[in-house]
Amino acid sequence: NAGVMQNPRHLVRRRGQEARLRCSPMKGHSHVYWYRQLPEEGLKFMVYLQKENIIDESGMPKERFSAEFPKEGPSILRIQQVVRGDSAAYFCASSPDTRKGGYTFGSGTRLTVV
Amino acid sequence: GDSVTQMEGPVTLSEEAFLTINCTYTATGYPSLFWYVQYPGEGLQLLLKATKADDKGSNKGFEATYRKETTSFHLEKGSVQVSDSAVYFCALIPASNAGNMLTFGGGTRLMVKP
């Protein structure tokens, strides 16, 4: 049973380009969470999704960021018109239910904006 | 709001030394408490957890006790190894959090020298 798969592992974008980060949850997991880790900081919650629904996006910047988790396929975190401050590691986690902390993290996508 | 405060690193120890990483939290009620470990270039792995006061979480020689009176969840290990070198994150999920989102501390880097 593969774990949470994130790709790409590393992504380099020029300022103004779009970044698309993918997350395939573990089999049987219908809850997906995205977190961002800025350099030398802890992880900050961004968005929580269930299949086809955004449940909580209170940690998502209001502009340029969007997320989806379609009925088929991976969850996508999309950042439009990237800026240097978007450089960070983006982690996805998935869970089968809402038991406290019962979820598994992926290895992350490290986004570098040049 | 809810928050987690960890001692700042890096913490540098010699192999077989005793480890303590302090963690205190601010939250209403009885949150669930967690320690995660992040090895270089990887995602987060759950190390241990505790869900109610006076519970002790333990794994791989690491322990932490949920202390409601001091709102603390300090991580300890009696004899560290070089392979324990990593970044350690303390985190909580509030009791009222139906969505299961984690609030993290800033992380503490541990470096163990042979």
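Position numbers for residues start from 1 in each chain and track the written sequence from start to end. Both sets of labels track the order of writing: A upward for chains, 1 upward for ligands. Per-residue local features of the predicted model are confined to residues with pLDDT of at least 70, and side-chain atom pairs are confined, for both listing and counting, to 80 or more; whole-chain, interface and lining totals are unaffected and use all residues. For side-chain calculations, the full set of non-hydrogen atoms in the structure is used, while hydrogens and water are omitted.

The next subject is the overall build of chain A. Helix and strand definitions follow DSSP, with helices as H or I runs of at least four residues and strands as E runs of at least two, each counted in order from the N terminus. Counting its regular elements, chain A contains 0 helices and 11 strands. Helices and strands appear in chain A in the N-to-C order β-β-β-β-β-β-β-β-β-β-β. Computation of the radius of gyration draws on C-alpha atoms alone. For the globule rule, the value is 2.2 Å times the number of residues to the power 0.38. Against the 2.2 N^0.38 benchmark of 13 Å for 114 residues, chain A shows a C-alpha radius of gyration of 13 Å, consistent with a compact globule. For chain A, the C-alpha atoms occupy an extent of roughly 40 × 25 × 25 Å along the three principal directions. Whether a residue is buried, partly exposed or exposed follows from its accessible area with a 1.4 Å probe, protein chains only, as a fraction of its type maximum: under 20%, in between, or over 50%, in that order. Looking at chain A as a whole, 44% of its 114 residues are labelled buried. Contacts are residue-level and defined by heavy atoms, with any inter-residue pair within 4.5 Å sufficient. Across chain A, every contact between residues at least 6 apart in sequence was considered, and the portion connecting residues at least 24 apart equals 52%. The Shrake-Rupley method, run with a 1.4 Å probe, gives the accessible areas here. Residue values count only the displayed protein chains as cover. Roughly 5800 Å² of accessible area belongs to chain A as shown, and the carbon and sulfur atoms make up 46% of that amount. Taking the average place of the 18 positive charges on the side chains of chain A and the average place of its 11 negative ones, the gap between the two points comes to 6 Å. When charges are counted, Lys and Arg are positive and Asp and Glu negative, with His and the chain ends excluded. Every charge is mapped onto a representative atom, which is NZ of Lys, CZ of Arg, CG of Asp or CD of Glu.

Our focus in this paragraph is the pairing of strand β5 (residues 32–38) of chain B. Two faces belong to every sheet, and in a regular strand the side chains alternate between them. Residue and element names in this part refer to chain B. Counting buried positions along β5 yields 7 of 7 residues, so the element is predominantly enclosed. Of the two faces of β5, both are covered, the one formed by Ser-32, Phe-34, Tyr-36 and Gln-38 as well as the one formed by Leu-33, Trp-35 and Val-37. Relative to strand β6 (residues 44–50), β5 runs antiparallel, the two being bridged by 6 bridges. For Leu-33, the partnering residue across the bridge sits in β6 and is Ala-50. Between β5 and β6, which pair antiparallel one after the other, the connecting turn spans 5 residues, and Gly-41 there sits at a positive phi close to 75°. By definition, two strands form a pair when at least two bridges between them are found by DSSP.

With that settled, the discussion passes to the layout of surface pockets. Space inside and on the surface of the protein is sampled on a 1 Å grid over the protein atoms alone, with a cavity defined as a set of points where a 1.4 Å probe fits but cannot get out and a pocket as an open set with protein on both sides within 12 Å along at least 5 of 7 lines; lining residues have an atom within 4 Å of a point. Grid points are joined across faces, edges and corners, and a volume is the space filled by probe spheres set on the points. By volume, the largest pocket amounts to about 600 Å³. Taken together, 28 residues make up the lining of the largest pocket; nearest its centre are Gln-37 and Glu-40 of chain A together with Gln-38, Val-87 and Arg-109 of chain B. By the convention adopted, Pro, Cys, Tyr, Trp, Phe, Met, Ile, Leu, Val and Ala count as nonpolar, Lys, Arg, Asp and Glu as charged, and the other residues, Gly among them, as polar. Residues that form the lining of the largest pocket fall into these classes: 13 nonpolar, 10 polar and 5 charged.

To continue, consider the state of the cysteines. By definition, disulfides here are pairs of cysteine sulfur atoms that lie within 2.5 Å. Summed over the entire model, instances satisfying the criterion amount to 2 disulfides over all chains. The residue that forms a disulfide with Cys-23 of chain A is Cys-92 of chain A, at a sulfur-sulfur distance of 1.8 Å. Linking Cys-23 of chain A and Cys-92 of chain A, the disulfide has an S-S dihedral of approximately -55° and is accordingly described as left-handed. Placement of Cys-23 of chain A in strand β3 (residues 19–24) and of Cys-92 of chain A in strand β9 (residues 88–95) is noted, with a sequence separation of 69 residues between them. On the accessibility criterion, Cys-92 of chain A (0% relative accessible area) is buried. Covalently, Cys-23 of chain B is tied to Cys-90 of chain B through a disulfide, its sulfur atoms 2.0 Å apart. Handedness of the Cys-23 of chain B-Cys-90 of chain B disulfide follows from its S-S torsion of about -70°: it is left-handed.

What follows covers the nonpolar core. Ranked by internal contacts, the top residues of the largest apolar core, which has 26 residues, are Leu-19, Trp-35, Leu-48, Phe-73, Leu-75 and Tyr-88 of chain B. Elements supplying a minimum of two residues to this core: β2 (11–14), β3 (19–21), β4 (23–26), β5, β6, β8 (62–65), β10 (86–93) and β12 (108–113) of chain B. Of the residues forming this core, the biggest block, 4 residues, is contributed by β10 of chain B. Beyond its immediate chain neighbours, meaning those up to four positions away, Leu-48 of chain B contacts Leu-33, Phe-34, Trp-35, Gly-57, Ser-58, Asn-59, Phe-62, Glu-63, Ala-64, Phe-73 and Leu-75 of chain B. With 23 residues, the next largest nonpolar core counts Met-46, Val-47, Val-82 and Ala-88 of chain A among its residues. Side-chain atoms within 4.5 Å link the members of a nonpolar core, which is a set of buried Ala, Val, Leu, Ile, Met, Phe, Trp, Tyr and Cys residues.

Moving on, we come to the sheet that holds strand β7 (residues 56–59) of chain B. Residue and element names in this part refer to chain B. The antiparallel open sheet is built from 4 strands, whose spatial order is β3-β9-β8-β7. With one partner strand each, in any of the chains shown, β3 and β7 form the two edges of the open sheet. Here the average twist between neighbouring strands, direction ignored, is 15°. Across 4 bridges, the pairing between β7 and β8 is antiparallel. For Lys-56, the partnering residue across the bridge sits in β8 and is Thr-65. Every axis in this analysis is a line fitted to C-alpha atoms, fitted for helices over the stretch in contact. Angles between the N-to-C directions lie between 0 and 180 degrees.

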